[in-house]
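Chain by chain, the residues:
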Amino acid sequence: MAMSEMFTQLGSVAAGIMFLWAMFRQYLPYELLPHVQKYSHKLVSFVNPYINITFQEYSADRWRRSEAYVAIEDYLSSNSSSRARRLKADIIKDSQSVALSMDDHEEVTDEFQGVKLWWAARKSSPKTQSFSFYPASDEKRYYRLSFHKRNRDLIVGTYLNHVIKEGKAIAVRKRQRKLFTNNPSQNWYGYKRSVWSHVPFDHPATFETLAMESKKKEEIVTDLTIFRTRKQYYSKIGKAWKRGYLLHGPPGTGKSSMIAAMANLLNYDIYDVELTSVKDNTELRKLLIETTSKSIIVIEDIDCSLDLTGQRKKKKEEEKEESKDDPLRMKGKENESKESKVTLSGLLNFIDGLWSACGEERLIVFTTNHVEKLDPALIRRGRMDKHIELSYCCFEAFKVLAKNYLDIDSHNLFPSIERLLGETNMTPADVAENLMPKSITDDPETACLEDLIQAIETAKEEARVKAEKEAKEKEEEEERLKKEKEAKEKEEAEEKEKTEEKVKENGVVPAVKENGVIS
């Protein structure tokens, strides 16, 4: 009976305290509340021997996820699975393993050199609800570390460094490489904002499977390997640790496969930038800030993404003149101009300006089918440091494809294919398509090689017909120009004769203007 009475009294006291606190919060002047909180915290610190350190997920500008928060998350993920009761699960590393991490409002203990500590995962929500198309305040996650104040020097000086270092090592071990693409800017705001979306990167391309000359492959691999080990060198010469590659050549020559092989060689992530969805230079800069080190930033078909040929102003003036008498066309052009205002200057600053140094160990790769269309300022050395031409399939590249697709190193049809490839332009993609078995036969190698020979001969014949047609059109054009010239000369001669006859009849010499035309 005494026990039940005691609980009843405790419940009454707790209810009374809560009532008084609610009244206190309601009627206390708002201006005095910060002072009350300040001195109440001081009062608690006298009797509470524990220190709390908070690690926010995002910094004040909320544009970059805190590296400390990410490292702590990875560190706790390896310790919390055996201690926490509520966990979050995610699949990592080629979808073959599960990573566990602390759920919100969960707490685990850790021990370091005989000292006990407490980690807690917390989430805070905004106190006021506001309607906005771009909500700036939303749920905020953070980790809170608690420890006794007598261990302050050990925790701040040694333990936190240990946590950060171990967390980064764990991240490297469980890292799943990713392929990113940029989101529309309306998804960039709020707690669940996402500048980039990603999927696991599992492209199988390697330099061993690329269809190109072995000497060129060896040169590229050496260049990439040297770049990866040159951190101190780039710091010494005062340059950002980045390198630009321009991949150019006809469609189907393996530019995308080359990028995948580079990523697999270096173990880098890939950021595929879609310039047409970037509204202006500021958004382009924000995308760059959100990329990580050890990554490849790719802009494919840059000659088609935006008008970066140096003729933009002239082109816009011509379009403006053409649209003056067509309001519907003018309105369409205005809507189109709202989609992207990225300029050549903005792109140059993106790859080679001050903001390009906000990360390190990155490659910037441009691809194009028409390198001659690009502005020289965009592809000069120092921005695109290495230009790699990927051309039509040669015999050496064919042997790589034959090994990949048919697993053969030689065949009695190889000499015929070597001769035909030397006479005809065919891309590696077209060659590979013909080397892929399309039916079940007793001798698929011979069947595929015969199909390839037939395809090359067909392409050769088509090229011959096209060349003859172009030559004939050229000849006809020359003949037309020649006839027009003869007709003009004949007309001038007749005009001259008429003038001379007129002079003879009238006996007056006509005046000659300064430009030599007889009036």
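What counts and what doesn't
- Residues numbered from 1 in each chain as written.
- Predicted model: local features only at pLDDT ≥ 70, side-chain atom pairs only at ≥ 80, totals over all residues.
- Heavy atoms only, no water.
- Phe/Tyr/Trp six-rings, centres within 6.5 Å; stacked < 30°, edge-to-face > 60°.
- Helix = DSSP H or I, 4+ residues; strand = E, 2+ residues; numbered from the N terminus.
- Buried < 20%, exposed > 50% of the residue type's maximum accessible area, 1.4 Å probe, protein only.
- Axes fitted to C-alpha atoms, helices over the stretch in contact; angles between N-to-C directions.
- Parallel < 35°, antiparallel > 145°, perpendicular 65-115°, else oblique.
- Contact = heavy atoms within 4.5 Å.
- Pairing = 2+ DSSP bridges.
- pLDDT = per-residue confidence, 0-100.
- Expected span 1.5 Å × (residues − 1).

1. Considering the packing of aromatic side chains
1) Next: Tallied over the entire structure, the rule returns 13 aromatic pairs.
2) Next: Summarising the aromatic geometry, the rings of F180 and Y271 are spaced 4.3 Å apart at their centres and angled 10° between planes, so their arrangement reads as stacked. Placement of F180 in strand β7 (residues 178–182) and of Y271 in strand β10 (residues 269–272) is noted, with a sequence separation of 91 residues between them.
3) Next: The class of Y271 is buried, set by a relative accessible area of 2%.
4) Next: Through successive ring pairs, a cluster of aromatic residues spans F55, F112, W119 and Y159.

2. Thoughts on the packing of helix α16 (residues 428–435) against helix α17 (residues 444–506)
1) Next: Viewed as axis vectors pointing N to C, α16 and α17 meet at an angle of 140°, and their least axial separation amounts to 8 Å. The orientation of α16 with respect to α17, classified from their angle, is oblique. For the pair α16 and α17, the contacting residues are V431, N434 and L435 in the first and C448, L449, D451, L452 and A455 in the second.

3. Let's talk about the sheet that holds strand β11 (residues 295–299)
The strands making up a sheet associate through hydrogen bonds between their backbones, and the pairing can be parallel or antiparallel.
1) Next: Strand order in the open sheet formed by 7 strands is β8-β7-β10-β11-β12-β9-β13, with mixed pairing between adjacent strands. Both edges of this open sheet fall to β8 (196–200) and β13 (386–389), since each of them pairs with a single strand only. On average, each strand axis in the sheet is inclined to that of its neighbour by 20°, with strand direction left out of account.
2) Next: Pairing of strand β9 (residues 242–248) with strand β12 (residues 362–368), which is carried by 7 bridges, proceeds in the parallel orientation. Looking at β12, one finds that L246 is bridged to F366.

4. Considerations on unusual backbone geometry
Glycine aside, negative phi is the norm for most residues, and most peptide bonds take the trans geometry.
1) Next: The backbone phi angle of N267 is positive, close to 65°, even though this residue is not glycine.
2) Next: Counting through the fold element by element, N267 comes out in the loop between α7 (255–266) and β10.
3) Next: A relative accessible area of 41% places N267 in the partly exposed class.
4) Next: For D407, which is not a glycine, the phi torsion comes out positive at approximately 55°.
5) Next: Tracing the chain through its elements places D407 in the loop between α14 (395–406) and α15 (414–423).

5. Let's talk about the pairing of β9
1) Next: In terms of burial, β9 is a largely internal element, 7 of the 7 residues being buried.
2) Next: The alternating pattern of β9 places K242, G244, L246 and H248 on one face and R243, Y245 and L247 on the opposite face, and all of these are buried.
3) Next: In the sheet, β9 pairs with β13 via 4 bridges, with the strands oriented parallel. Bridge pairing in β13 places L247 opposite I388.

6. A short note on the confidence of the model for the chain
1) Next: Predicted confidence across the chain gives a mean pLDDT of 80, with 77% of residues reaching 70 or more.
2) Next: Note that residues 131–137 has pLDDT below 50 and, in this model, 6 contacts with residues that lie over four places away or in other chains.
3) Next: Throughout residues 310–315 the model reports pLDDT below 50, and contacts reaching past four residues in sequence, or to other chains, amount to 6 contacts.

7. Some details on the sheet that holds strand β6 (residues 140–148)
1) Next: Taken in spatial order, the 4 strands line up as β1-β6-β5-β4 in an open sheet, and their pairing is antiparallel. At either margin of the open sheet sits one strand with a lone partner, and together these are β1 (50–56) and β4 (107–112). Ignoring which end each strand starts from, the neighbouring axes of this sheet average 25° apart.
2) Next: Direction of pairing for β1 relative to β6: antiparallel, over a ladder of 7 bridges.

8. What to know about the side chain of H148
1) Next: Position of H148 among the secondary structure elements: in strand β6.
2) Next: Residue class for H148 comes out buried when judged on its relative accessible area of 18%.
3) Next: Once you skip the residues sitting within four places of it in the chain, H148 turns out to touch P49 and Y50.

9. A word on α7
1) Next: Here α7 contains 12 residues, and its C-alpha end-to-end distance of 17 Å stays within 8% of the 16 Å for a straight helix at 1.5 Å per residue.
2) Next: Within the span of α7, buried status applies to K255, M258, I259, A260, A261, M262, A263 and L266.
3) Next: Each element contacted by the buried residues of α7 is listed here: α5 (214–228), β9, β10, β11 and β12.
4) Next: Note on α7: the residue one or two positions beyond its end, N267, has a positive phi of about 65°.

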